[in-house]
Each structure stands twice: as C-alpha cells, then as structure tokens.
Amino acid sequence: MVPITYYLLLAAALFCMGMFGVLVRTNALVVFMCVELMLNAVNLTFLAFARMHGALGGGPNAVFGVGHVSAFFVIAVAAAEAAIGLAIVIAVFRSRGSVNVDDIRTMKH
Amino acid sequence: MNLPNLILADFLPLLPAIIMVVAASVLLLSEVFLSATASRGYQAVLTVVAAAASGAVAVGLMFEPPREVFLGFGVLDPFSSFLTLVVSVGLGLAALSAVGFLRKRGAERGEFYALMLFASAGMSLLAMSSEFITIFINIEVLSIATYALTAYLRRGTRPSEAGFKYFILGAFSSAVLLYGTALLYGATGTTKLNDMVGPLQQALSTNPALVYVGAVLIAAGFAFKVAAVPFHMWTPDVYEGAPTPVTALMSAGVKAAAFASLVRVFLTVGKGMDPKLPLMLFATLALLTMVAGNLMAIPQRNVKRMLAYSSIAHAGYLLLGVAALFVTAPGEHFRVLAASSLSGGTPLDVARSDALRGILYYLLAYTFSAAGAFAMVSALERREDEEKGTAWDLERFAGLAQRRPGWAFAMAAFMLSLGGIPPTVGFMSKLLIFQAAIDVGLVGLTIVAVLSSAAGAYYYLRVVVYMFMHPVPEGAQPLERNWGTEAALVISTVAVVLLGILPGHVTDWLAQAGTLFGQ
C-alpha cells in the first residue's frame, strides 16, 4: 500500500502549482484552471486523511467519513464556481476582446 | 439508514435565512411572468420587507438561550443573531439605494435583488456555522452571489473587470482556506469546531506543524475576505467597479459575516496553542491594515475608491478588537469593568466580552455609516461619467450644501461617523474597541490606532469641506431625487446620530451577548 504521506505530498505539490499559476499566469482561463487545481489538491488531501482516520463520525456501519463527504461538497461548490467564473470571463471577453490578465487593469490610480 | 433526528426547533435559527431565500425565489419566479417594460417597483419593496422581517426575527432570536443546532453544525447564540441583524440592516439599506441606481440605468430586474437576498442568506448562515465544511459552503454561497452582482452591469468595462478580479482572488482565498481546513481535519479527524478542542490539544503535541500550517492558511483565507493588508489588493478595484449598492452590501455584510466566522473559528482553534501566536498574527495584521488603509486613502480624490480604502482601515480597527480576544496574560493596567461584568467572571472574561462587544457594535456602526455613504455616492453618480472615471470625483460633492442641504447633512454625519468623531456612532464604537484593547494591555497598538484614525479624519473631512465650503461647479447636472435613496439616507442618518448619542441600551445588551458567546 502506498503510504498516506505520498498522497499528502502530491496534494501539497498540486496546491503549490495551482497557487503559483494563479499568481504568475496571464491567461484568464489558465488562471481559472489553476484555481480548480488548488481545489482538487484540497480534495486529495481530504480523501487521504479520510483514509487515515477511517469512517470516523459516520456512525457504526458508515462507509464514508467526514473527509469523503467533504470532497463531494467541494466538487459541487467548484462546479457552481466554474459556472459563474466562466460567465464572468465571457463578460470580460465581450467588453475588451481579450482574456489576458495584463489587459484587465483600467482601474489603476 | 440512520437519519439525524432533527426537531422543528433546529430550524428556528434558520428562519432569517429562510425568509431571505423565499423572497429571492419569489422574485426569480415572478420575473418570468413580467414583460420587459413592466413596472418592477415591487421588487425593492419586497426585498426591504424581507430584510426587515429577517431582522425582526433575528432580534427575537437574540433572547433564545444559546445552543447547538443541527448536531453541532451550527450554533445559535446572541453573537450570531446580532450578526444576522447587521446583515439584514446592510441588505435593507443596499436594496433601498439600488432602486434609483438601477432605474437610472434601465437595469431593474428581479435577479439583482434575488442575488442580494441569496448573498445575505449566506452571510446570516455563515455567522452561525460552527463546522468547517458548512463555513466553506456558506462563504461560497455569499461569494458566488456577490461575484455575479459585481459583474451585474454588463455595459462598460469596469464591472466585468471588477467581477473578474473579485472572482479570481475570492476563489483563490476560498481554496487557501479550504486547504487549511483539510489540514486541520487531518490533524484532528473532525471538522466540527466543538469536537475539535480535545483532539487539537493532542495533535499539538504529536503533530504541531499540521495544526499551525492549517491555522495560518485559514487565517490567510479569512484575511482575504475581510480585506486585511497585505491581502487587500482586490478591494479598491472591486469596490470601485461594482455597482454602488453592491459595494454597500459588500462593505457591510460580507465583511461582518467574515469577521464573525473568523472570531468563531479562532476562538476554538486558538485554544491549546501558545496564545502568543494568534495574538501576534492578529496584532500584526491589525497594525498593517490600520496604517496602510489610512495612508492609501489620503491621496484619493475618487470618493468611492476612498471609501474602499477606508473600509480596509476599518477592518484594521476590527482586527485590533480580534487581537484583544487573544490576550491571556494582561499587564498591570488591566482594569476590571464592574459596570459591564454581568455574571462576574475573571477580569480576563470581562475584557474578552468587552472586546466581543466592541467588535459587534463596530460592525453595526460601520454598516450604517458605510451603507449610508455609499447610498449618497450612488445618488450623485451618473452613468455617463463612469467610463471617464469622474463619476465619483470630489467635485461631484462641491456645493452640495446649497443644492441639497439634507443630503449634505446626511453625508456629513456619515463622514464624521467613519472618521470616529462625536457625537456619532462611529465614535462610540471606536471608543469601545480601543477601550477593550487598552484594558487587556495592547497600549502601543491602540496608540497607533488612534493616530491613524486621526490621519483618517483628513480625508473624511475633506468631503465635508467640499460639500459646505466649495461653490457649485459650472454646468452642474440637476440632482434627481428618489424615494429609495432618501429613505436609506434618513434611516442611516437617524441611526448614526441616535446610536452615537444613546448607545446605552445596545451596548448593555451587547455586553451580555459577548458573555453568552456559545462555546
């Protein structure tokens, strides 16, 4: 069996990649994908820990633990966020014809 | 199947949120049957009625005994009920100022008010959430609605730009907060705050790194939400680009709910930790936020942007109150406040409940002052000037006292209140927070807070000077009146002055709410 630590390290690496991407990438869609990467890294962390803790808190016969359920919630919320995020990216594209983050700064004073 | 055994009393605390969600659904559904030209005046009225109803229910809930609801996923205590009241006030004032704003732009639609109601429902629920996944979901409920509201006006480049920035940084901060949550779950095996205290102590001895990294990530996520320096970069642009009533809702409601959750989470997570660490963390954030927020606001000629920086500065004063909660070894100048200690308790409990009281009163004060100021800004701005960026220039306020004395008086009251000058509620609330901070021995930080708020008086009073001492500019456009805006102005002015002169009842009651913080 692969130790839990490996999963956690992979998740941490994914999270850092996503964080780095949000901060340095200029294409709005890539930035958006990096946010999704961060959320999925969180999911992996939750699942790894859920495996470690077992089905704690879910009753005597529960198969799922809090961590498993959390991952489902995160997936649902990420989908809602994607819907609104893509709509905003489209609004940006309509108003300026570009989704480059460097172009989106008319409000600097 | 073993379903949780919920009783009807479990749903009572949700009533304010339920009212808001039902009103939002009615607005969404009724919009289907309306033609494009139909009159939509009822929508704002319905929103305000829903806000008033949920506010009234929240006042009633304050007198309920504090208890856990939904198997510990939420807590009903005076703290959360008061926050719901603050959110309802913010929602009502924002909806009133939206009436004229949307009509001028021909953008009056049920969706706008529905999104405001959904966001407020999320804020109300966030204030009572005591489980990490519930907290995350409520943060998302309020954030997703606010992202959409920010980009609601699709004409022009500013709203979509503001929406985009808000969305990216908001989603980023949510992910950071959630990762911190996952690490704490890993350390303790639970996501419920109340179950966490014991395992947390254990985890601190076996695996401290996990707990500390998790706590820091959660703090960073919340710092984004409350716009604390150095996590404030999005605030000025988003506040400026968003429709003004939405900015009012963001500065009042979103901030209040995020602070409530921050306090609730860290009062639990901080237990067992070396108390110096959360104290250092919040004291540093408070220091940076107060000083930087005020300094950056000074050169602003754009009043809306100035108010955005001012909201950062106010987050700093609130963080000072939060820092005061984590002082465990008070200095000699520690003073026992006999008047406000209801149930006795140690001096530390008294000081802590004073700090909580200060935070709650400050949130109420800021909601009235900021929502009023943004209502005024929305009454003066015109859509044609927006792309040029002059819609919110100080010049728009020049000579307002001659043209509309009532408006100028109201705006002067809001500016004095935000600046912390008596006899307004802003002064009283600053006094409460600073007093609590001094009582626990954070003297140096409080001196910085007083000095930076004195610097803040400069940019608030400049608006007053423009209104009362500058001549009306040539070719000034006529000022349109609107019942919604004027109602918002009257309500907030009365509240700002009245709560400033007669704070007794509210603060006495809040002292009790602070002690009754359900843990």
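Further up the page is the structure itself.
How each quantity is defined
- Residues numbered from 1 in each chain as written.
- Chains lettered and ligands numbered in written order.
- Predicted model: local features only at pLDDT ≥ 70, side-chain atom pairs only at ≥ 80, totals over all residues.
- Heavy atoms only, no water.
- Helix = DSSP H or I, 4+ residues; strand = E, 2+ residues; numbered from the N terminus.
- Rg over C-alpha atoms; globule rule 2.2 N^0.38 Å.
- Contact = heavy atoms within 4.5 Å.
- Areas by Shrake-Rupley, 256 points an atom, 1.4 Å probe, with all protein chains shown as cover.
- Lys, Arg positive; Asp, Glu negative; His and termini not counted.
- Charge placed at Lys NZ, Arg CZ, Asp CG, Glu CD.
- Buried < 20%, exposed > 50% of the residue type's maximum accessible area, 1.4 Å probe, protein only.
- Expected span 1.5 Å × (residues − 1).
- Arc of directions from axis to C-beta.
- Patch = residues over 30% accessible without salt bridge, like charges linked within 9 Å, V, L, I, M, F, W, Y side chains within 5 Å.
- Salt bridge = Lys/Arg side-chain N within 4 Å of Asp/Glu carboxyl O.
- Buried area = accessible area lost by both parts, 1.4 Å probe.
- Polar contact = N/O pair within 3.5 Å; in protein donor to acceptor, adjacent residues only side chain to side chain.
- Nonpolar A, V, L, I, M, F, W, Y, C, P; charged D, E, K, R; others polar.
- 1 Å grid on protein atoms, 1.4 Å probe; cavity = no way out; pocket = protein on both sides within 12 Å on 5 of 7 lines; lining within 4 Å.
- Points joined across faces, edges and corners; volume = space filled by probe spheres on them.
- Axes fitted to C-alpha atoms, helices over the stretch in contact; angles between N-to-C directions.
- Parallel < 35°, antiparallel > 145°, perpendicular 65-115°, else oblique.
- Core = buried A, V, L, I, M, F, W, Y, C linked by side-chain atoms within 4.5 Å.
- Disulfide = S-S within 2.5 Å.

Enquirer: Tell me about the overall build of chain B, and name the residues and values.
Expert: What chain B contains, in helices and strands, is 20 helices and two strands. Computed over its C-alpha atoms, the radius of gyration of chain B comes to 22 Å, within 12% of the 24 Å expected for a compact globule of 519 residues. For chain B, the proportion of contacts with a sequence separation of at least 24, taken over those separated by at least 6, is 81%. Accessible surface, chain B: about 17300 Å² in total, of which carbon and sulfur atoms supply 69%. In chain B, 31 positive and 29 negative side-chain charges are present, and the distance between their average locations comes to 5 Å.

Enquirer: Lay out the environment of L502 of chain B with the relevant residues and their values.
Expert: All names here are of chain B. Examined against the element boundaries, L502 turns out to sit in the loop between α19 (483–501) and α20 (504–515). On the accessibility criterion, L502 (54% relative accessible area) is exposed. Spatially, the C-alpha atoms of L502 and T424 are 9.7 Å apart, while their sequence positions differ by 78 residues.

Enquirer: Explain helix α3 (residues 41–61) of chain B to me, and be specific about the residues and the numbers.
Expert: Residue and element names in this part refer to chain B. Compared with the 30 Å implied by 1.5 Å per residue over 21 residues, the 31 Å span of α3 between its first and last C-alpha is a close match. Three or more residues of α3 are buried, namely Q43, A44, T47, A50, A51, S54, G55, A58 and L61. For α3, the arc enclosing every buried residue in end-on projection is 130 degrees, short of the 170-degree limit, so these residues lie on one face. Residues of α3 that are buried make contact with α2 (15–32), β2 (74–76), α4 (78–105) and α5 (110–128).

Enquirer: Pulling in residues and values, what's your account of a nonpolar patch on the surface?
Expert: Together, L6, L8, F11, L71 and F73 of chain B line one region of the surface with nonpolar side chains, adding up to about 470 Å² of accessible area. Structurally, L6 of chain B can be placed in the segment before α1 (8–11).

Enquirer: I'd love a proper account of the interface of chain A and chain B, names of residues and values included.
Expert: Chain A puts 44 residues into the contact, and the matching count from chain B is 40 residues. With both sides pooled, the region where chain A packs onto chain B buries about 3700 Å², and carbon together with sulfur makes up 77% of that total. Between the two partners, chain A and chain B, sit one salt bridge. Put simply, chain A and chain B have seven residue pairs in polar contact (both at pLDDT 80 or more) between them. Looking at the side of chain A that touches chain B, its residues break down into 31 nonpolar, eight polar and five charged.

Enquirer: Quick rundown of the pattern of salt bridges? Include the residues and the values.
Expert: All told, the structure shown has 17 salt bridges over all chains when counted by the stated rule. Salt-bridge contacts for E161 of chain B lead to R96 of chain A; the nearest nitrogen and oxygen are separated by 2.9 Å. In this pair, E161 of chain B sits in helix α7 (residues 158–188) while R96 of chain A sits in helix α3 (residues 66–96), so the two residues belong to two different chains. The class of E161 of chain B is buried, set by a relative accessible area of 0%. Between E64 of chain B and R67 of chain B there is a salt bridge, and its shortest N-O distance comes to 3.1 Å.

Enquirer: Explain the layout of surface pockets residue by residue, including any values.
Expert: Within this model, the second largest pocket holds a volume of roughly 630 Å³. What lines the second largest pocket is a set of 23 residues, among which A151, Y152, L153, R154 and R155 of chain B lie closest to the centre. Secondary-structure elements contributing two or more residues to the lining of the second largest pocket are α3 of chain A together with α5 of chain B. In terms of residue count, α3 of chain A provides more of the lining of the second largest pocket than any other element does, six residues in total. Looking at side-chain class alone, the lining of the second largest pocket contains 12 nonpolar, two polar and nine charged residues.

Enquirer: Which residues make up the packing of α4 of chain B against helix α14 (residues 347–380) of chain B, and what values go with them?
Expert: Residue and element names in this part refer to chain B. Close contact between α4 and α14 brings their axes to 9 Å; oriented N to C, the two are set at 5 degrees. On the basis of the axis angle, α4 is roughly parallel to α14. Contact residues: α4 offers F79, F82, L83, V86, V89, G90, L93, S97, F101 and K104, while α14 offers L356, L360, L363, L364, T367, F368, A371, A375, S378 and A379. Of the residues belonging to the contact of α4 with α14, the class tally is 15 nonpolar, four polar and one charged.

Enquirer: Describe in detail the nonpolar core, supporting the description with residues and values.
Expert: Membership of the largest hydrophobic core comes to 219 residues, with the highest contact counts inside it found for F397, M415 and L442 of chain B. What F397 of chain B contacts, discounting residues up to four positions off in sequence, is V303, M376, V377, L380, M411, V463, Y466 and M467 of chain B.

Enquirer: Got a sec to walk through helix α10 (residues 234–241) of chain B? Specific residues and values, please.
Expert: Residue and element names in this part refer to chain B. Of all eight residues in α10, eight are buried; the element is thus mostly enclosed. For α10, every residue scored as buried is listed here: W234, T235, P236, D237, V238, Y239, E240 and G241. For α10, the elements touching its buried residues are α6 (132–150), α7, α9 (208–225), α11 (244–269), α13 (303–324) and α14.

Enquirer: How would you sum up the state of the cysteines? Please name residues and give values.
Expert: Residue and element names in this part refer to chain A. Inspection of the entire model under this criterion finds zero disulfides over all chains. No disulfide involves C16; its nearest neighbouring cysteine sulfur is the one of C34, lying 12 Å away. A residue is classified by how much of its surface remains accessible, and C34, at 11% relative accessible area, is buried.

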